[in-house]
Amino acid sequence: MTTISANLQAVLARIFAAARKYGRNPDDISLLAVSKTWPASVVREAAVAGQQAFGENYVQEGAAKIAELGSLGLVWHFIGPLQSNKAKQVATAFDWVHSVDRLKIAERLSEQRPDSLAPLQVCLQVNVSGEKSKSGTLMDDLSSLAHRVALLPRLKLRGLMAIPAPVEDFAQQRKSFRRLREAFERLKESGLLLDTLSMGMSHDLEAAVAEGASIVRVGTAIFGARSKS
Ligand SMILES: *Cc1c(COP(=O)(O)O)cnc(C)c1O
């Protein structure tokens, strides 16, 4: 087994163990391999090992890999900060976007999504830590944003995503993820059909699984440490 293949198995085993421990069905949790900064050859190796979904943070870099690996039938998720002037490239190249945090970006993505493709699958990024510098919509603005995004014709609103401030303590990790899950449940109670909670990374995926993650986004534990982030 290559290192990537072994790492993938180890991460899947962590997800499985956490699901068991916290009473979740492992089939309800999918692994997004975050391949930012790694070349297409590395993504190909993970794909050969059976990984299908990949996350990218940088538009140019991601679009180049998507073009190069187009024949592999992979699913591509954009998870990085979004600028309006890149909306067209994202809407054309990617299947999912996790980092929608304002209406203007959502409208651009909807306008730019080609009719020949399925609707762009979208999560709203929420600032669960409340830090001023963090991207993501504030909790107070989430409900109105979600109900507006749900009406855009070329997007399909699937759920919520968060990147909590990194902490060591498991109970603290769970607390941030619980805030996201509770917001998700309130949105569903208000009538939105949502099925995706994108939360948890290499260091905190167990806490995210415990709180209901349906997609965990893992880079380092699969590919190793990045030289840039
Ligand atoms: C880089 C990144 C990840 C993966 O983080 P690791 O700590 O390497 O697992 C997940 N989500 C987002 C939004 C990222 O930018």
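Residues numbered from 1 in each chain as written. Predicted model: local features only at pLDDT ≥ 70, side-chain atom pairs only at ≥ 80, totals over all residues. Heavy atoms only, no water.

1. Describing the overall build of the protein chain
Along the backbone of the protein chain there are 9 helices and 8 strands. Rg of the C-alpha trace for the protein chain: 17 Å, near the compact-globule value of 17 Å for 229 residues, within the 12% margin. Along the three orthogonal principal directions, the C-alpha set of the protein chain runs to about 50 × 40 × 30 Å. In the protein chain, the proportion of contacts linking residues at least 24 apart, taken out of those at least 6 apart, comes to 58%. On the protein chain, roughly 10800 Å² of surface is accessible, and the fraction owed to carbon and sulfur atoms is 51%. (Helix = DSSP H or I, 4+ residues; strand = E, 2+ residues; numbered from the N terminus. Rg over C-alpha atoms; globule rule 2.2 N^0.38 Å. Contact = heavy atoms within 4.5 Å. Areas by Shrake-Rupley, 256 points an atom, 1.4 Å probe, with all protein chains shown as cover.)

2. Comments concerning the site of the ligand
Residues in contact with the ligand, as listed here, are Val-34, Lys-36, Asn-57, Ile-79, Ile-163, Met-201, Ser-202, Arg-217, Val-218, Gly-219, Thr-220 and Arg-226. Here an oxygen atom of the ligand and a side-chain polar atom of Asn-57 are 2.7 Å apart. Contact distances for the ligand include 2.8 Å between an oxygen atom and a side-chain N or O atom of Arg-226. Alone, the ligand offers 390 Å² of accessible surface; in the complex the protein occludes 90% of this. The class makeup of the residues in the shell around the ligand is 5 nonpolar, 4 polar and 3 charged. (Near = heavy atom within 4 Å. Polar contact = N/O pair within 3.5 Å; in protein donor to acceptor, adjacent residues only side chain to side chain. Nonpolar A, V, L, I, M, F, W, Y, C, P; charged D, E, K, R; others polar.)

3. Some points on the packing of helix α6 (residues 139-149) against helix α7 (residues 170-189)
It is the contact of α6 with α7, at a shortest axis distance of 11 Å, that shows an interaxial angle of 35°. Where α6 crosses over α7, the two elements pack in a sense that is right-handed. On α7, the residues that touch Met-139, Leu-142, Ser-143 and Ala-146 of α6 are Arg-179, Leu-180, Ala-183, Arg-186 and Leu-187. When the residues that make up the contact of α6 with α7 are grouped by side-chain class, the tally is 6 nonpolar, 1 polar and 2 charged. (Axes fitted to C-alpha atoms, helices over the stretch in contact; angles between N-to-C directions. Left-handed = near helix turned anticlockwise from the far one by under 90°.)

4. Digging into helix α2 (residues 40-48)
Inspection of α2 places Ala-40, Val-42, Val-43, Ala-46 and Ala-47 among the buried residues, and these make up the whole buried set. One side of α2 holds all its buried residues, which, seen down the axis, span an arc of 160°. One or two residues past the end of α2 sits Gly-50, with phi positive at roughly 110°. (Buried < 20%, exposed > 50% of the residue type's maximum accessible area, 1.4 Å probe, protein only. Arc of directions from axis to C-beta.)

5. Considering the pairing of strand β2 (residues 53-56)
Along β2, one buried face is formed by Ala-53 and Gly-55 and the opposite face, lined by Phe-54 and Glu-56, is buried too. Examined bridge by bridge, strand β1 (residues 30-34) and β2 share 2 bridges and lie parallel to one another. If you follow Val-34 over to β2, its bridge partner there is Gly-55. Handedness of the crossover is the feature at issue here: the chain leaves β1, passes through α2, returns alongside β2, and the resulting connection is right-handed. Note: β2 against strand β3 (residues 75-78), 4 bridges, orientation parallel. Residue pairing across strands places Gly-55 opposite His-77, the latter belonging to β3. A crossover links β2 with its parallel partner β3, the connecting element being helix α3 (residues 59-68), and its sense is right-handed. (Pairing = 2+ DSSP bridges. Right-handed = clockwise from strand over helix to strand, strands pointing away.)

6. A look at the UniProt feature "modified residue: N6-(pyridoxal phosphate)lysine" (unreviewed entry) in the protein chain
As recorded in UniProt, the feature "modified residue: N6-(pyridoxal phosphate)lysine" (unreviewed entry) lies at Lys-36. One can find Lys-36 in the loop between β1 and α2. (UniProt positions renumbered as here; feature names shortened; annotations may be inferred.)

7. Quick notes on the pattern of salt bridges
The final tally for this structure, using the stated rule, is 10 salt bridges. Across the pair Arg-102 and Asp-101 runs a salt bridge whose closest N-O atoms are separated by 2.9 Å. Look at Arg-102 and you get partly exposed, because its relative accessible area is 33%. (Salt bridge = Lys/Arg side-chain N within 4 Å of Asp/Glu carboxyl O.)

8. Regarding the environment of Val-11
One can find Val-11 in helix α1 (residues 3-21). Owing to a relative accessible area of 2%, Val-11 belongs among the buried residues under this scheme. Each C-alpha atom of the pair Val-11 and Val-149 lies 33 Å from the other, and the pair is 138 residues apart in sequence. If sequence neighbours within four positions are ignored, Val-11 has contacts with Leu-31, Leu-205, Val-218, Ala-221 and Ile-222.

9. Considering the environment of Val-100
Residue position: Val-100 is located in strand β4 (residues 96-100). Linking Val-100 and Cys-123, residues 23 residues apart in sequence, is a C-alpha distance of 6.4 Å. Among all residues touching Val-100, those that are not within four sequence positions of it are Leu-82, Ile-105, Ala-106, Leu-109, Val-122, Cys-123, Leu-124 and Gln-125.

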